[in-house]
Amino acid sequence: MDPILIIVLVFGLFLFLACFFTVKQQTSVVIERFGKFQSIRNSGLQLKIPVIDRIAGRVNLRIQQLDVIIETQTKDNVFVKMKVSVQFKVIQENVYEAFYKLEYPHDQITAYVFDVVRAEVPKLILDDVFVRKDDIAIAVKRELNEAMMAYGYDIINTLVTDIDPDIQVKNAMNRINAAEREKVAAEFESEAQRIRIVAKAKAEAESKRLQGQGIADQRREIAKGLVESVEVLNNVGINSQEASSLIVVTQHYDTLQAIGADSNSNLILLPNSPQAATDMLNNMVASFAASNQIGEQMKKQNKRLKNSDDKTSLDYNPNDTSQPE
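All values reported here derive from a predicted model rather than from experimental measurement.

Chemist: Go over the side chain of Thr 72, please, and point to the residues and values.
Modeler: With respect to the secondary-structure elements, Thr 72 resides in strand 6 (residues 64-73). What makes Thr 72 buried here is its relative accessible area of 6%. Sequence-distant contacts of Thr 72, that is, excluding residues within four places in its chain, are made with Val 78, Phe 79, Val 80, Met 82, Val 117, Arg 118, Val 121 and Pro 122.

Chemist: Which residues make up the pairing of strand 1 (residues 20-23), and what values do they have?
Modeler: Residues Phe 21 and Val 23 point to one face of strand 1 and are all buried, whereas Phe 20 and Thr 22, pointing to the other face, are not buried. Sheet topology note: the strand 1/strand 4 (residues 44-47) ladder contains four bridges and is antiparallel. Bridging from a neighbouring strand, Phe 21 pairs with Gln 46 of strand 4.

Chemist: Pulling in residues and values, what's your account of unusual backbone geometry?
Modeler: Of note in this structure, Gln 26 is not a glycine but carries a positive phi near 55°. Relative to the helices and strands, Gln 26 is located in the loop between strand 1 and strand 2 (27-33). On the basis of relative accessibility, which here comes to 35%, the residue Gln 26 falls in the partly exposed class. We note that Phe 34 has phi near 55°; this positive angle belongs to a residue other than glycine.

Chemist: Explain the nonpolar core residue by residue, including any values.
Modeler: Counting residues in each nonpolar core, the largest one holds 34 residues, and the members touching the most others are Met 82, Val 86, Ile 109, Val 113, Val 117, Ile 136 and Leu 144. Those elements giving two or more residues to this core turn out to be strand 6, strand 7 (79-90), helix 2 (95-100), helix 3 (105-120), helix 4 (126-131), helix 5 (133-148) and strand 8 (153-165). Every residue in contact with Met 82, bar those within four places of it in the chain, is listed here: Val 68, Ile 69, Ile 70, Thr 72, Val 117, Val 121, Ile 136, Val 160, Asp 162 and Ile 163.

Chemist: So what's going on with the pattern of salt bridges? Which residues, and what values?
Modeler: Opposite charge on two side chains permits pairing when their charged atoms draw close. In total, this model carries six salt bridges according to the counting rule given. Asp 53 is the salt-bridge partner of Arg 33, the closest N and O atoms lying 2.6 Å from each other. Of this pair, Arg 33 sits in strand 2 while Asp 53 sits in strand 5 (residues 53-60), placing them 20 residues apart in sequence. For Asp 53, a relative accessible area of 3% translates into the label buried. In this structure, Asp 135 engages Arg 132 in a salt bridge whose closest nitrogen and oxygen atoms are separated by 3.2 Å.

Cut-off values and rules
- Residues numbered from 1 in each chain as written.
- Predicted model: local features only at pLDDT ≥ 70, side-chain atom pairs only at ≥ 80, totals over all residues.
- Heavy atoms only, no water.
- Helix = DSSP H or I, 4+ residues; strand = E, 2+ residues; numbered from the N terminus.
- Buried < 20%, exposed > 50% of the residue type's maximum accessible area, 1.4 Å probe, protein only.
- Contact = heavy atoms within 4.5 Å.
- Pairing = 2+ DSSP bridges.
- Core = buried A, V, L, I, M, F, W, Y, C linked by side-chain atoms within 4.5 Å.
- Salt bridge = Lys/Arg side-chain N within 4 Å of Asp/Glu carboxyl O.

Structural data, given as C-alpha cells:
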C-alpha cells in the first residue's frame, strides 16, 4: 500500500475523531471559531469542526463556596476576624457573561465581601456583632447579588461562620461572663438562705406556740387536780388551809425527789431545808390574807361613796378611811 495513502488515512481518522468531544454533567463548554465566540455546548456528546472550532473554556455550573477572612474594627474599637462563606453558582443561561465579562470571579466576590463587612461592622459594638451576624450576612448577599448578577453569577447564600475577637478581649469577655454567673449564683444562694431562715423562724414560732399551749394546758390540769385534791381532803375533815399545807409540802418533796433522781442535773433548789415548805405556805397564806383584806376595804369604801349624797366619784380617795357625815 502506498505510504502517502496511509498518512492521508491516518490524518483523516484523526480529523474525524477531533470532530467529537464530550461535556460533563453540570458543565458548559464555550466554543470559539477563529477566536470568535461560536456557541455554548452543554453536557453530552458534542460535535465541532476540527481546526476551525476550538474549546475556549469550560464553565462549572455546580454550587461553589468561597471562604473570605476579614479583619475589621467594631464601634467600640475592638478588632475582630470574621469568616464569611459565600455560596454561589454560574447561571446556565448566562454562561457567556460569566466566561467573557469576569476573568477572576473569586477576587471580585472577595472585594465585595470586604467592602460590605467593613461598612456594616463598624456600626455595631462587639456584642451586637455576635447577635446580628445574620443581618451582616443578609447585607453581604444583597450587595453581591446586585453586583454579580450582571456577570451571570447567582449568590445562593452567605454565612458568617466565625467571629474571632482579639485574645485579650475574649479573656475579658470570659471574665465578665464568669462574674455575672457568680453574681446570679450568689443571688440564688442568698434567696435560698432567706427561705431557710424564714422557714426556721416559722417552725420556731409554731413550736413556741405549741409549747405555750402545752404549758397552759398543763397548768390548767394542775389547777383542776389541786381543786379536786382540796375537795377530797375537805370531805375527810381537813380544812382548806391544812389541805393547802399538805399539797405544798407534797409538791416540795416531789420536786426534791425529781432533782435527786437525775444524776446529771446541775439544778439546785433554794431554799431546800425542811422548814422551806412551811415558810412558803406561810408566805402564801399571808399574801392571800392581805389580798382579802384589801378587797374588803375597797368594797366598804365603794359602799360609803354610794351612800353619800354630796360626794362624787371625783372626790373618792382610797386612802381616806374616815366615816362620811
